[in-house]
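Structural features, examined
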Amino acid sequence: LRLRGVLADSLKAFAAQADSKGIALTAEVDPELPPLLLGDPARLGQILSNLLHNAVKFTEQGTIHVDCRVEDRRENGLLLGCTIQDSGHGIPAERLPGLFEPFTQVDASTSRRHGGTGVGLALTKKLVETLGGNVSISSVPGEGTRVHFSIFLGYPPEESGWEPASPIVFEAAPSPNAPGAASTAPVSPEAEPREDLRRLEDLL
């Protein structure tokens with residue numbers, strides 16, 4: 001799998017929703033991580049999507065940041081640690097222990113206000129454990145929630161080769177018209193639409 005590609009695909013799936021709420025969605029990957037690793041891209045993508053879905057759903061404004069790092073190096077692979085930090089309304093401490101149980105939600109109004117059945121974190125925990133890792137959650141009411149998971153990924157064949165890459169994977173600042181948006185990061189020239197694509201904007 002290509003970790004940066006899996007992460008970018010997961011983030012892009014929520015970019016429009018985050019932008020509509022005025023949320024800055026960013027991610028960073030340890031440049032020491034090889035671009036190619038042995039693992040299950042489908043399950044990793046599902047884990048990231050589940051956690052990003054919750055983060056965007058329960059964050060009204062501010063930021064959501066994903067950080068992926070090498071936690072431990074082993075002879076045949078490495079332990080990848082990923083943290084999803086949001087600036088949402090947070091979760092009371094007494095509710096944290098049961099959040100990975102099926103059908104558990106923060107309060108009785110969660111399904112009415114935000115939708116969902118309360119099985120997302122339980123499925124995420126099962127997927128993480130299937131990949132040989134573990135997941136934890138911490139939160140401060142009024143300050144946001146931090147979810148951390150780690151999984152084992154094998155090293156690619158030696159002949160594949162790799163070199164350190166840029167740590168920045170994805171950065172989407174909210175648009176000026178988004179609710180709660182104060183400013184927008186400058187757009188690089190490379191990000192400007194090509195002239196021959198501008199006419200497709202209405203079609204998209």
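In this report, we go over the structure that sits alongside the text. (Residues numbered from 1 in each chain as written. Predicted model: local features only at pLDDT ≥ 70, side-chain atom pairs only at ≥ 80, totals over all residues. Heavy atoms only, no water.)

So, the overall build of the protein
- Helix and strand counts for the protein stand at 5 helices and 6 strands.
- When its helices and strands are written in sequence order, the protein yields α-β-α-β-β-α-α-β-β-β-α.
- Going through the 204 residues of the protein one by one, you find that 40% of them count as buried.
- By sequence separation, contacts in the protein at least 24 residues apart represent 73% of the contacts at least 6 residues apart.
- For the protein, the accessible surface area stands at approximately 11400 Å², while carbon and sulfur atoms represent 53% of it. (Helix = DSSP H or I, 4+ residues; strand = E, 2+ residues; numbered from the N terminus. Buried < 20%, exposed > 50% of the residue type's maximum accessible area, 1.4 Å probe, protein only. Contact = heavy atoms within 4.5 Å. Areas by Shrake-Rupley, 256 points an atom, 1.4 Å probe, with all protein chains shown as cover.)

Remarks on the nonpolar core
- Of all hydrophobic cores here, the largest spans 42 residues; its most connected members are Leu80 and Phe149.
- At the level of elements, α1 (3–20), β1 (23–29), α2 (41–57), β2 (62–74), β3 (77–86), α4 (120–130), β4 (134–140) and β5 (144–154) are the ones that each hand at least two residues to this core.
- If you tally residues by element for this core, the top one is α2, at 7 residues. (Core = buried A, V, L, I, M, F, W, Y, C linked by side-chain atoms within 4.5 Å.)

Structural notes on the pattern of salt bridges
- By the definition in use, this model includes 5 salt bridges.
- Measuring nitrogen to oxygen at the nearest pair gives 2.7 Å for the salt bridge that ties Arg43 to Asp40.
- Exposure remark for Asp40: the relative accessible area of 22% places this residue in the partly exposed category. (Salt bridge = Lys/Arg side-chain N within 4 Å of Asp/Glu carboxyl O.)

Notes on the side chain of Ser139
- Mapped onto the secondary structure, Ser139 falls in strand β4.
- A relative accessible area of 15% places Ser139 in the buried class.
- Among the polar contacts listed, one links the side chain of Ser139 to the backbone nitrogen of Ile91, at a separation of 2.7 Å.
- Within the structure, the side chain of Ser139 is placed 3.0 Å from the side chain of Thr145, a separation counted as a polar contact.
- Residues in contact with Ser139, not counting those within four places in the same chain, are Gly90, Ile91, Leu96, Gly144 and Thr145. (Polar contact = N/O pair within 3.5 Å; in protein donor to acceptor, adjacent residues only side chain to side chain.)

Description of the pairing of β5
- Counting buried residues along β5, 9 of its 11 residues qualify, which places the element largely inside the surrounding structure.
- Pairing analysis gives 9 bridges linking β3 to β5, with the strands arranged antiparallel. Bridged to Gly77 within β5 is Gly154.
- Relative to β5, β4 is paired through 7 bridges, and the arrangement is antiparallel. Within the sheet, the bridge partner assigned to Asn134 lies in β5 and is Ser150.
- Count of turn residues in the β4/β5 antiparallel hairpin: 3 residues, of which Gly142 carries a positive phi of about 90°. (Pairing = 2+ DSSP bridges.)

Structural notes on α4
- The complete set of buried residues in α4 reads Leu121, Ala122, Thr124, Leu127 and Val128.
- Looking one or two residues past α4, Gly132 carries a phi angle of roughly 80°, positive in sign.

What about the environment of Ile47?
- In this structure, Ile47 sits in helix α2.
- For Ile47, a relative accessible area of 0% puts it in the buried group.
- In the structure, Ile47 is positioned 76 residues away from Leu123 in sequence and 8.4 Å away in space, judged by C-alpha atoms.
- Apart from residues no more than four positions distant in its own chain, Ile47 is found in contact with Thr124, Leu127, Val128, Leu131 and Phe149.

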